[in-house]
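A closer look at the structure
Okay, here's what each chain looks like letter by letter:
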Amino acid sequence: MGNQRRELFCVNFFTLLMGWNVLASITASADVTDRSSSLSYFLFQSTENPKDCQEILSKCSNTPNASGVYKIKPAGFPEPFEVYCENDSGSNGWTVIQRRTDGFINFTRNWDDYKHGFGYLGSEFWLGNEKFAYLTNQKKYQLRMDLTNAAGHTYYVTYDDFRIADEWSQYSIQRLGNESGDPGPFIEECPSNTRFSKSTCERLCTEPNTCINSASMETERCICPNGYMIQGENCIPQSQCGCFLQEKGSVLNDGESFVNSDCTSRINCNENRLSYENDYRCSDDATCQERDGVRRCICNDTYEGDGVTCIRNEPPKDCYEIYNTGIHIDGVYTIYPTGWEDSGFQVYCEMSTDGGGWTILQNRTSGSVNFYRGWNAYRDGFESPSGDHWLGNDKIHDLTTQKTYQLMIDLTDSAGSQFHARYSTFRIGDEGNKYRLSIGSYTGNAGYDAMKYRNNKPFSTHDRDYDHWSSVNCAQKHRSGWWHYYYYYYYYSCYRFSYGGYYYYCTASNLNGDYQYSDYRGIFWYNLPGNDCGIDGTKMRIRPVG
């Protein structure tokens, strides 16, 4: 073999003369801009596999003009694997990571299929997210997308810095860089809930049984898909058309209300049906006005209420004081605890549960809000009181030191069963005292007193570790800000974690863990009569004792 056998030995295995119409393909390269459609297959031997198609182009002297299947091994990937390389003259070694041409391969796949890849390198395929992650994390790559639309027009878009994360981060796109390319006039972005189609029939929300005249429609355009109807310029589910309101000229969403121009009537949408409140009237201490696009009765300055009922009062220190003024409607209100008399802050008040007057400190109903945050975020609070949120340790401290409060913790397990834990007293220290927890006796139907050993313990986050365990950061392990402290040995719990060959856990309760993780990273409550791991809903609320 002589001079031919250097670092890399390249052999032309066989050649397939084949063409295709590329509808959508994605390529990655360090600095390349051209593509071609010839197809060849190659086999090479080497003590060190190339990391991508660009390295193949530079190392294989006999392949500069040949596209085809090659074997590469990105840095850190366990085994070499085959890829299709665009190596034609001027293209500089593109590694093709996706191709779609004729619908031969089904791309409606599950997570594992997209992780490992599927299809055939000679036709349609998805290379695999795990391979993408290793590929794009070893160098700086350019991403190019070549597409052909239904009319036969071809165009491309490039991004100059493409990288995706690993499976732990759900293969999320980490970088894309600057966009460039030549899309021309062919890209049409359809609005939400529409699709590009040749269909000639659409229906209005106001006339669900009438098809729009097809003669006035273009052959291809963005239209509402089946099961959706036109409402203004948008497409909405047909099931929502029952709340179409002529006076507003649009559809009310479920739970939404509409107040007429002089605030003498309110119309509500509930379960896709309209209901009318003809006795709706503003208080004498309120005005009818529009705020944030919504018309309603709004209490005048120095008055609190829902606009129908407005009561002048000293600034309320908590939701219980608002409740005692006669306001019994759940919602977001401004309170003025001791130390906050000038500015106040907003909280969500539960006025219709367990006697009313509850101030919400924490609420979780979905995974929409990330609770794995640092010390400052937990100190100041995050997200809106009207949804999933943490009120903030500074505010909780100021609230709970002005009166004696009880704490109610509401839990909903993955089966939908509801439980509660009530503590006779509750307060936390200030930041200088690391928001140390002080909690009273337990009653309720949540089973074990999972806060019992949290009493008198400091608050910890992943960047402020006060759990008194020098070897392990409990907040980092349990993915939450919480009153973590030292560790407990436990054998079989779903919230254990392994350390030093043994299993441990830092807390018997973790209401701020990752949502719907049924292990030590998730939300759990020890010995809950239902499912104590993977809890779907939590709420922490306080009300004065007595």
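Structural data are supplied above this passage.
This text gives an overview of the structure that appears in the document.

Across its full length, the protein chain holds seven helices and 39 strands. Residue burial in the protein chain is summarised as follows: out of 546 residues, 45% are buried. Taking the contacts inside the protein chain whose residues are at least 6 apart along the sequence as the reference set, 52% of them involve residues at least 24 apart.

This next bit is on the pairing of strand E9 (residues 141–148). Most of E9 is tucked away: six of the eight residues are buried. Note that E9 and strand E10 (residues 154–164) share seven bridges and pair antiparallel. Across the sheet, Asp146 pairs through a bridge with Tyr156, a residue of E10.

Working definition: an aromatic ring pair is given by the centre-to-centre distance plus the angle between the planes. Enumeration according to the criterion identifies 20 aromatic pairs in this entry. Summarising the aromatic geometry, the rings of Phe371 and Phe382 are spaced 5.1 Å apart at their centres and angled 80° between planes, so their arrangement reads as edge-to-face. Taken together, the residues Phe371 in the loop between strand E28 (358–364) and helix H5 (375–380) and Phe382 in the loop between H5 and strand E29 (389–390) connect sequence positions eleven residues apart. Overall, Phe382 belongs to the buried group, its relative accessible area being 5%. Arranged with centres 5.4 Å apart and planes meeting at 70°, the rings of Tyr378 and Trp390 form a pair that is edge-to-face. Of this pair, Tyr378 sits in helix H5 while Trp390 sits in strand E29; the two residues are twelve residues apart in sequence, bridging distant segments of the chain.

Let's shift gears to the pattern of salt bridges. Summed over all chains, the structure comprises 18 salt bridges. Its salt-bridge partner being Asp380, residue Arg379 comes within 2.9 Å of it at the nearest N-O pair. We note a salt bridge from Arg479 to Asp514, for which the minimum N-O separation is 2.8 Å. Of this pair, Arg479 sits in the loop between helix H7 (474–477) and strand E34 (488–489) while Asp514 sits in the loop between strand E37 (509–510) and strand E38 (524–525), and the two are 35 residues apart along the sequence.

Moving on: helix H6 (residues 393–400). Counting buried positions along H6 gives six out of eight residues, so the element sits mostly inside the fold. Three or more residues of H6 are buried, namely Asn393, Lys395, Ile396, His397, Leu399 and Thr400.

Quick look at the environment of Asn363 now. Mapping Asn363 onto the fold places it in strand E28. You can call Asn363 buried: its relative accessible area is 14%. Residues Asn363 and Lys539 lie 176 residues apart in sequence; the distance between their C-alpha atoms is 4.5 Å. Ignoring anything within four residues of it in the chain, the contact list for Asn363 reads Phe371, Gly387, Asp388, His389, Thr538 and Lys539.

One non-glycine residue, Gln170, adopts positive backbone phi at about 60°. On the secondary structure map, Gln170 appears in the loop between E10 and strand E11 (173–175). With a relative accessible area of 47%, Gln170 lands in the partly exposed category. One non-glycine residue, Asn527, adopts positive backbone phi at about 60°. Along the chain, Asn527 turns up in the loop between E38 and strand E39 (537–544).

So, about the pairing of strand E31 (residues 418–428). Both faces of the sheet carry side chains from a regular strand, because those side chains alternate between them. Pairing of strand E30 (residues 405–412) with E31, which is carried by seven bridges, proceeds in the antiparallel orientation. Across the sheet, residue Asp410 finds its bridge partner in E31, namely His420. The antiparallel pairing of E30 with E31 creates a hairpin that spans five residues between the two strands, and Gly416 there sits at a positive phi of about 90°. Note that E31 and strand E33 (residues 442–444) share three bridges and pair antiparallel. Looking at the pairing, Arg422 lines up with Thr443 of E33.

Here the focus is the state of the cysteines. Throughout this description, disulfide means a covalent bond between two cysteine sulfur atoms. Inspection of the entire model under this criterion finds six disulfides. Here Cys299 is linked by a disulfide to Cys310, with a sulfur-sulfur distance of 2.0 Å. A torsion of -90° about the S-S bond marks the disulfide between Cys299 and Cys310 as left-handed. With Cys299 in strand E23 (residues 294–299) and Cys310 in strand E25 (residues 310–312), the pair connects residues that are eleven residues apart, well separated along the chain. Looking at Cys299, the relative accessible area reads 13%, which means it is buried. In this structure Cys310 comes out as buried when scored by relative accessible area, which is 10%. One disulfide in the model links Cys474 with Cys506; its S-S distance is 2.1 Å. Its S-S torsion of approximately -75° makes the covalent link between Cys474 and Cys506 left-handed.

Rules of the game
- Residues numbered from 1 in each chain as written.
- Predicted model: local features only at pLDDT ≥ 70, side-chain atom pairs only at ≥ 80, totals over all residues.
- Heavy atoms only, no water.
- Helix = DSSP H or I, 4+ residues; strand = E, 2+ residues; numbered from the N terminus.
- Buried < 20%, exposed > 50% of the residue type's maximum accessible area, 1.4 Å probe, protein only.
- Contact = heavy atoms within 4.5 Å.
- Pairing = 2+ DSSP bridges.
- Phe/Tyr/Trp six-rings, centres within 6.5 Å; stacked < 30°, edge-to-face > 60°.
- Salt bridge = Lys/Arg side-chain N within 4 Å of Asp/Glu carboxyl O.
- Disulfide = S-S within 2.5 Å.

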